[in-house]
Amino acid sequence: MTVRSRTTALLAAGFLLTACGAQEPAAAPASAEPAPPASQKTVTDPIVMTYAGGLYVLDGQKLELVKDIPLAGYNRVNPAGDERHVLVSTSTGFRVLDAASATLRADEFKGAKPGHVVRRAGTTVLFSDGTGEVTMFNPKDLATGLPKGETYKAAAPHHGVAIELENGELVVTLGTEEKRTGIVVLDKDRKEITRNEDCPGVHGEATAQGEAVVIGCENGVLLYKDGKISKIESPDEYGRIGNQSGSDLSPIVLGDYKKDPDAELERPTRISLIDTETGKLKLVDLGTSYTFRSLARGPQGEALVLGTDGAVHVIDPAAAKVVRTIKVLDDWKEPLDWQQPRPNIFARDQVVYVSDPVGKRVHAIDFTSGKVTKTASLPQPPNELTGTAD
């Protein structure tokens, strides 16, 4: 890699740290409520969306807006790991939203620059970029308050991620605020098992069938499987895979793929498919660009990508080819500012949800038929989209 490329890559890594982890200061605290009774449930299959100034909670079956919850600042949302809660990343930590009762609770996992939320094997893991603190808890415990859980402190604060596996092992990224380099694997007593620091700009994670863990790099991915870490190289000198989506039904992880370290905003058209059984990486050109909020998995492990052509591209990961497209939106273009709204995709069971910021709507698609079955209109353009998922 040239000196110019290395410098640009480091600058890009710094930008991504800001893009994924930083939060705008909240102008005022939102009204919060204590945990409602666990039996209280007014929203079926909840869907949650952010907008500039608050949260929308929708009934996922009826696709009707149930509640508009004011919440100042730039906020992000992730499934908490059970059938009723969503975690909201704010300027001060991870807030607990009981989506099944449309209640924003007072409970909060405090932490500067709250970042990634990972669900695996009945454990939810939080990573606070500003402190390097990792918090692990059973999401079922959210029903009775804020779980104390277990905490672990990374060697230095950085934009990172952590995953706890079924056997209690913890996979944690390595890095500082200036540079991210790889991962370390700890046993259940948090003693080091192995590490690999051949992963510049480490970012994102996904777990495939058999608990094979894939972590993205600027030149490929790291694969942790059966107690060993291996490197799968990108076909290009700079081939960044920073966002991934996995499925327990497939050994193949879906990832994005960028090859221009000098781009102000690269709009890639190729996606990556990482086979955790063979250690091979394949690229598929969709003929349309997509964004970091465009990746999902179908009910049988299909790879789903929401393109800027307004279609959901359904990919057979084993065959590495697009098998059908589902047109949902008009053509759209990714904004330069990563915090600005753009269409999102969220898949749960047989339903795929796609947001439409321009039209101020959200659509529900029956995956089997490929038809839009319901559409909800919203008062404001939606930004992030998620739902409850165990």
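The model shown is predicted, which means the values in this text are computed figures rather than measured ones. Per chain, the residues get numbers from 1 upward, laid out in the order the sequence is written. Local features are withheld for residues below a pLDDT of 70 in this predicted model, meaning they are given only at 70 or higher, and side-chain atom pairs are given and counted only at 80 or more; totals for whole chains, interfaces and linings count all residues. Each side-chain value is derived from all of the structure's non-hydrogen atoms; neither hydrogens nor water enter the calculation.

### Regarding the confidence of the model for the protein
Part 1: With 89% of its residues at a pLDDT of 70 or more, the protein shows a mean pLDDT of 91.
Part 2: Across residues 1–19 the pLDDT falls below 50, and counting only partners more than four positions away or on other chains, this stretch makes 22 contacts in the model.
Part 3: Within a predicted model, pLDDT stands for the predictor's per-residue confidence, ranging from 0 to 100. What makes two residues a contact is simply this: any of their non-hydrogen atoms within 4.5 Å. Across residues 21–31 the pLDDT falls below 50, and counting only partners more than four positions away or on other chains, this stretch makes 30 contacts in the model.

### A look at the pattern of salt bridges
Part 1: Put simply, a salt bridge is a Lys or Arg side-chain nitrogen that is within 4 Å of an Asp or Glu carboxyl oxygen. Enumeration over the complete set of coordinates arrives at 16 salt bridges.
Part 2: Among the salt bridges present, the one from Glu150 reaches Arg190, with a minimum N-O distance of 3.0 Å. A residue pair is termed long-range when its members are at least 10 positions apart, and Glu150 in strand S11 (residues 150–153) and Arg190 in the loop between strand S14 (180–186) and strand S15 (192–196) qualify at 40 residues.
Part 3: Measuring nitrogen to oxygen at the nearest pair gives 3.0 Å for the salt bridge that ties Glu384 to Arg293. With a gap of 91 residues between them, Glu384 in the loop between strand S31 (371–377) and strand S32 (385–387) and Arg293 in the loop between strand S23 (280–285) and strand S24 (295–297) connect regions that are remote in the sequence.
Part 4: Here Arg293 falls in the buried class, since its relative accessible area comes to 7%.
Part 5: Each of Arg76, Arg293 and Glu384 takes part in salt bridges that share partners, so that together they form one network. Only DSSP runs of H or I with at least four residues qualify as helices, and only runs of E with at least two residues qualify as strands; both kinds are numbered from the N terminus onward. For every residue, the accessible area obtained with a 1.4 Å probe (protein chains only) is divided by the maximum for its type, and the residue is called buried under 20%, exposed over 50%, and partly exposed between those limits.

### Side note on the nonpolar core
Part 1: Nine residue types can take part in a nonpolar core, namely buried Ala, Val, Leu, Ile, Met, Phe, Trp, Tyr and Cys, and a core is a set of them joined through side-chain atoms within 4.5 Å. If you look at the biggest cluster of nonpolar residues, it comprises 15 residues, and the most contacted ones within it are Ile163, Val171, Ile183, Ile215, Leu222 and Tyr224.
Part 2: Among the elements of the structure, S14, strand S17 (212–217) and strand S18 (220–225) are those that each provide at least two residues to this core.
Part 3: Here this core takes 3 residues from S17, the largest share from any one element.
Part 4: Look past the residues within four positions of Tyr224 in its chain and what remains in contact with it is Leu165, Glu169, Val171, Val185, Thr194, Glu211, Ala212, Val213 and Ile229.
Part 5: Residues Ile326, Val328, Ile345 and Val352 belong to the second largest nonpolar core, which totals 14 residues.

### So, the sheet that holds strand S22 (residues 270–275)
Part 1: Strands qualify as paired when DSSP identifies two bridges or more between them. The 4 strands lie next to each other as S20-S21-S22-S23, forming an open sheet whose pairing is antiparallel. Of all strands in the sheet, those bounded by a partner on one side alone are strand S20 (244–245) and S23.

### Things to note about the packing of aromatic side chains
Part 1: Note on aromatic pairs: the rings of Phe, Tyr and Trp (six-membered ring only in Trp) are paired at centre separations within 6.5 Å, and the planes decide the class, stacked below 30 degrees, edge-to-face beyond 60, tilted for the rest. Using the criterion set out here, one finds 5 aromatic pairs in the structure.
Part 2: On the basis of an interplanar angle of 20 degrees and a centroid distance of 4.7 Å, the ring pair of Phe109 and Phe137 is categorised as stacked. Residue Phe109 is located in strand S7 (residues 103–110), and its partner Phe137 is located in strand S10 (residues 133–137); the two are separated by 28 residues in the primary sequence.
Part 3: By relative accessible area, which is 6% here, Phe109 ends up buried.
Part 4: A ring pair is formed by Phe346 and Tyr353, whose centres lie 6.4 Å apart and whose planes are at 25 degrees; its orientation type is stacked. Each member of the pair, Phe346 as well as Tyr353, carries the same accessibility label: buried.
Part 5: Taken together, the aromatic side chains of Tyr74, Phe292 and Trp338 make up a single cluster linked through ring pairs.

### Concerning the state of the cysteines
Part 1: Only a pair of cysteine sulfur atoms within 2.5 Å counts as a disulfide in this structure description. For the coordinates displayed, the defined rule picks out 1 disulfide.
Part 2: In this model, Cys199 is linked to Cys217 through a disulfide, with the two sulfur atoms separated by 2.0 Å. Its S-S torsion of approximately -105 degrees makes the covalent link between Cys199 and Cys217 left-handed. In this pair, Cys199 is assigned in the loop between S15 and strand S16 (203–208) and Cys217 in strand S17, connecting sequence segments 18 residues apart.
Part 3: Residue Cys199 is classed as buried on the basis of its relative accessible area of 0%.
Part 4: On the accessibility criterion, Cys217 (0% relative accessible area) is buried.

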